[in-house]
Amino acid sequence: MESLGSAVDKKERIFPWLEGLFLGLLVLLLVAAGGETVRASYHGLLHSRVGDAVWQQGLMPENPYHAGAALRYYTLYPALGVGLGRLGFGPLWGFALLNGLAAILYAPALDALGRSFQLKFRARRFAFWASVLGFNAFGWFGLFFADSAELGQAPVFVLKALCWSGSPFYWDARLQAFLPKFLNVSSFALALAPALWAMAAATTRPVGGKELSWVQVLAAGFSLGLALALNPLAGGFAALCMASWKLPVLWQKGPARWQWPAAAILAGLVAFPFLVPAFAKAERSESWIGPLAVAGQAWSNGLGPLLLLLPLGILGWRKMEKETRLAWTFAAGLAALLLMFIPLPWGNEYKMARLGAVLWALPAGVCLQGLAARKPILAWALLALAAPTSIWTATAYAAWGNQEVRLPLRWAQGEWRIASERIANPIPEALLQAAENAPAEAVLLMHPAQPGSRVSGGLVQGNALAPSFRQSLFVDLPQIHNDRQEDLADRLDLLFGLYAGQSYGLSGPKKPLAEATALERVRAKFSDRPLLVLSHQQLQALEQALTAAGGESLANESGFSFWLLPPP
C-alpha cells in the first residue's frame, strides 16, 4: 500500500522507513535496557497466559483465570506475542519485538495517511515528529503544580505529574506521552499501522481519473481486518471513518461501487475468527474493579495532551486543500465525540485522545512546514518544547526497570518457570513437576495470597504464577479477564472457604464456610473435570476434606502438597 494514489520518488519512499527504524530502535533500546519489569509492563503476564490458552486450545479458549467460562477477549495480539516467544526468547520479548515492529511501521503508515490528505513531503516529516513528540508536550509544566513521585515506581504513577495530577485541570495518567504506548504490552500500538494504511486508501483521490485497483482496495480491506483483529478500538475507529468516507460511492457508477463493500467483507472475514471470543454470550454481573484511580476527566483528556497540537493544527487546517478538510474534520470530530461521550470498559476511551493526536499531527505538520519556510529555528523550537516530557518519560521507564522488585517467573527451556530464588517460601520444585504431569483439563485451586502470586509495584498482572501452569484457575481476584463474571463473588467465597473457613465477602459480609462444604460445592460446579488443589500441612481442615473426598496427594515437600481429585 506504499504506492497508493500517486507515484513518489525514491526519497519519499525511503525516508518514512528510516524514521520508523529510528523510532523502533529507540523503543527496543528502552525495553532492553529497562529489563524484564519494563518488558512485562502492566499486562505482560496476563497477555502471556491468554496467548498460551489460544495456542493450547484454539481461537475459542476457556478463560485461564476463570475455568469453564469463555475468555471474552480478542486473541490475535496475545497469540502473536506468545508465538514469537516460543522461538526461544519468551513471550515478554515477543511482545517487545511486536512493539518495535509497531514503531517501525507507524512512520510509513502515518506518511501514507499524510499523502492521502495531500500533505507535502516536508509537512509529513513535521507531522511524524509532531505526533511522536508533540503529544502531551506541555505536560512537564505539571511538575510545578503536582507532587512528584519517586523514580522507581510504575511510570503510570511517576508520570502522573506530567498530566497535572493534583490540579483541577488533570487528565488520565495513561496519557503521559505518545511514546509509552510503544513501551507497554498493548495491542493498540501494533494496530495503529494497519488502521492508518486502511484509512489512507479510503481517502486517496483518483489520479488522472484512475480509481484504485481491486488489489489496492482489497489490500485496504485486509489491512482494516488486521487492525480490527489486533485492537477492535483502533480498528473500529478506522472502520467508522472509512464507512463515512466511502458511503457516497455506493450511489455512483464504476468499480468502486463494488470494491469497497468487498473490502469491508474481507475485513470482517479477517477479523472475525479473532473477535468471536470477545463477544461470547455469558451472564454478566456488576464490575468489582471499581473506578480507575488514574483516570482523568473527559474534557481535560481531550485538551490537556493536545495543548501544543491543537493551535498548530488549527492554523495548519486552514492551509489544507479543501477536498481533504471535510474527511479530516469528520475523523478528528469523531475521535473527540467518542472520547467525550462514549464510556468504554476500564476507561479505554482515553485512547481516543491518542488517535486524535495522530490526526491533529497532520495539520500541525502543515503549519510547521510553513513556519519552517520562514523561521526554521522557531518551527523546531516548538517541537523542542516536548523534550522535557520525552526525557522524563524515558527516565521513568529506565528507573522502573532498575528497581529491585523482579518478576516471580523466569523463562527457561521454552516455558515459564517459577523463580524460586525470588520468592520467600516458594512452591517446591517437586510439586511443580507434579502439576506439570497432572491432567491439563484439571481446574487449579490455590490461595490468592500464595507467595509470588501477586506482583508489587502497581502491576496489573492478575495471578502472576498462572502462566507457569497449564491448568486454568478456578478463580482469581478481580481483574480485567474475570471482571463481571456472574459467579465471581461466589467462587471467591468458595475459594476462601477452602483455605480460610470463611467466605471472601466480595458481595456481602464474611460468613463461616466449612472447608468440606466449600470443596463439595466446588466439585459440583465441575462435575466432569478433576481438581488440582495446592495445599499445606497447616491447613488441616482442608487436607482432611481432600482425603475424605477421595483426593490423591501427588507430591509433598516442605509442608506443601498438590492434590488431585477425580470428578465426583
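These figures come from a predicted structure and were not determined experimentally.

A.B. asks: What is the right way to look at the overall build of the chain in this model?
C.D. replies: Along the chain, the regular secondary structure elements total 21 helices and seven strands. Since a compact globule built from 568 residues should have a radius of gyration of about 24 Å, the 26 Å found for the chain is in line with a globular shape. Overall, the chain is about 85 × 55 × 45 Å in size when its C-alpha atoms are taken along their principal axes. When each of the 568 residues of the chain is scored for burial, the buried share is 56%.

A.B. asks: Help me out: how do you make sense of the packing of helix 15 (residues 351-374) against helix 16 (residues 376-384) in this one?
C.D. replies: Angle between the axes and distance between the axes: these two values describe a pair of packed helices. In contact at an axis separation of 5 Å, helix 15 and helix 16 are set at 140° when each is read in the N-to-C sense. Looking at the two axes, helix 15 sits oblique to helix 16. From helix 15, L368, L371, A372 and R374 reach across to helix 16, where they touch P376, L378, A379, L382 and L383.

A.B. asks: How should I be thinking about a positive patch on the surface in this particular structure?
C.D. replies: On the surface, a cluster of positive charge is made up of R318, K319, R374 and K375. Note that R318 resides in the loop between helix 13 (309-317) and helix 14 (322-341).

A.B. asks: Sorry if this is basic, but what is going on with the pairing of strand 2 (residues 415-418) here?
C.D. replies: Side-chain positions along a regular strand alternate between the two faces of the sheet. Where burial is concerned, the two faces of strand 2 differ: the one with W416 and I418 is buried and the one with E415 and R417 is not. Alignment of strand 1 (residues 409-412) against strand 2, held across four bridges, turns out to be antiparallel. Bridge pairing in strand 2 places W411 opposite W416. Between the antiparallel neighbours strand 1 and strand 2 lie two residues, among them Q413 with a positive phi of about 55°.

A.B. asks: Before we go on, may I ask you to explain the nonpolar core in this structure?
C.D. replies: For soluble globular proteins, the rule of thumb is that nonpolar side chains tend to be buried together. Counting 180 residues, the largest nonpolar core has Y106, F182, M199, F237, W260 and F469 as its most contacted members. Once residues lying within four places of it in the same chain are set aside, the contact partners of M199 are L113, F237, A238, C241, M242, W245 and L359.

A.B. asks: Which parts of the structure should I look at to understand the environment of G225?
C.D. replies: Here G225 shows up in helix 9 (residues 214-230). Residue G225 is classed as buried on the basis of its relative accessible area, which comes to 0%. If we ignore the near neighbours within four places in the chain, the residues touching G225 are A267, V270 and A271.

A.B. asks: Got a minute to help me understand the sheet that holds strand 3 (residues 443-445) in this structure?
C.D. replies: Two pairing modes exist for strands in a sheet, parallel and antiparallel, and in both the strands are linked by backbone hydrogen bonds. Spatially, 4-3-5-7-6 is the arrangement adopted by the five strands of the open sheet, whose pairing is mixed. In this open sheet, the two strands that pair with only one neighbour each are strand 4 (472-473) and strand 6 (552-557). Pairing geometry for strand 3 and strand 5 (residues 531-536), over three bridges, is parallel. Note that in strand 5 the partner of L444 across the bridge is L532.

The rules behind the values
- Starting from 1, residues in each chain are numbered consecutively following that chain's sequence as written.
- Thresholds applied to this predicted model are a pLDDT of at least 70 for local features of residues and 80 or more for the giving and counting of side-chain atom pairs; totals over whole chains, interfaces and linings are not thresholded and use all residues.
- The side-chain values count all of the structure's non-hydrogen atoms but skip hydrogen atoms and water molecules.
- Going along the chain from the N terminus, every DSSP run of H or I of four or more residues is numbered as a helix, and every run of E of two or more is numbered as a strand.
- The globule rule used for comparison is 2.2 Å times the number of residues to the exponent 0.38, while the radius of gyration itself is calculated over C-alpha atoms.
- Remark: exposure states derive from per-residue accessible area (1.4 Å probe, protein chains only) relative to the maximum for the residue type, with buried under 20%, exposed over 50%, and partly exposed in between.
- Orientation is described by lines fitted to C-alpha atoms, with helices fitted over the stretch in contact, and by angles between N-to-C directions that extend from 0 to 180 degrees.
- The labels follow the angle: roughly parallel below 35 degrees, roughly antiparallel above 145, roughly perpendicular from 65 to 115, and oblique for the rest.
- Contacts between residues were defined by any pair of non-hydrogen atoms, one from each residue, lying within 4.5 Å.
- Without a salt bridge and with relative accessible area above 30%, a residue can belong to a patch; like charges are then joined within 9 Å and nonpolar side chains (Val, Leu, Ile, Met, Phe, Trp, Tyr) within 5 Å.
- Working definition of accessibility: Shrake-Rupley area with a 1.4 Å probe, residue cover restricted to the visible protein chains.
- One speaks of a salt bridge when a side-chain nitrogen belonging to Lys or Arg is within 4 Å of a carboxyl oxygen belonging to Asp or Glu.
- Counting rule for charge: Lys and Arg are taken as positive, Asp and Glu as negative, and neither His nor the chain ends is counted.
- Lysine's charge is taken at NZ, arginine's at CZ, aspartate's at CG and glutamate's at CD.
- We call two strands paired when DSSP finds no fewer than two bridges between them.
- Definition of nonpolar core: a set of buried residues of the types Ala, Val, Leu, Ile, Met, Phe, Trp, Tyr and Cys, connected through side-chain atoms within 4.5 Å.

Limitation: the analysis is restricted to geometry and does not speak to function.
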